[in-house]
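Residue strings, one per chain:
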Amino acid sequence: MVLKKVCLIIGGGRGMGAATAHQMYSRGYRLALMSPSESCEKLAIELGGIAQRGRAENASDLKSVFDMTMKNYERIDSVLIHVGGPP
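All figures in this text were calculated on a predicted structure; none of them were measured in a lab. (Residues numbered from 1 in each chain as written. Predicted model: local features only at pLDDT ≥ 70, side-chain atom pairs only at ≥ 80, totals over all residues. Heavy atoms only, no water.)

**A few points about the pairing of strand β3 (residues 50-53)**
Burial along β3 is one-sided: the face carrying Ile50 and Gln52 is buried and the face carrying Ala51 and Arg53 is not. Here strand β2 (residues 30-35) runs beside β3; their pairing, made up of 4 bridges, is parallel. Following the sheet pairing, Leu33 is matched in β3 by Ala51. A crossover links β2 with its parallel partner β3, the connecting element being helix α2 (residues 39-47), and its sense is right-handed. (Buried < 20%, exposed > 50% of the residue type's maximum accessible area, 1.4 Å probe, protein only. Helix = DSSP H or I, 4+ residues; strand = E, 2+ residues; numbered from the N terminus. Pairing = 2+ DSSP bridges. Right-handed = clockwise from strand over helix to strand, strands pointing away.)

See the structure below:
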């Protein structure tokens, strides 16, 4: 059995991050998303992935989303980071 690859996207809630999530999903990846707003959670539900709110500049948030991804998927094949400018 071949397991689907996993993509962790930091900043994957809206805009370019959401577009990237859609693109990786269309390529067959399972998704783990993180962004500061609930948009990552809504997108994860839409795409059958997992999500957690957090900020890229916060080391504990990054560790937490990494740990969540490994717990749920047991692998990470790709990490994409998209962070925009000031809110």
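Having put the structure on the table, let's press on.
**Comments concerning the packing of helix α1 (residues 15-26) against α2**
It is at 11 Å that the axes of α1 and α2 come closest, and there the two elements cross at 20°. When the axes of α1 and α2 are compared, the pair comes out roughly parallel. α2 is crossed by α1, and the crossing has right-handed handedness. Listed contacts from α2 to Ala18, Ala21, His22 and Tyr25 of α1 are Leu43, Glu46 and Leu47. Across the contact of α1 with α2, the residue classes tally to 5 nonpolar, 1 polar and 1 charged. (Axes fitted to C-alpha atoms, helices over the stretch in contact; angles between N-to-C directions. Parallel < 35°, antiparallel > 145°, perpendicular 65-115°, else oblique. Left-handed = near helix turned anticlockwise from the far one by under 90°. Contact = heavy atoms within 4.5 Å. Nonpolar A, V, L, I, M, F, W, Y, C, P; charged D, E, K, R; others polar.)

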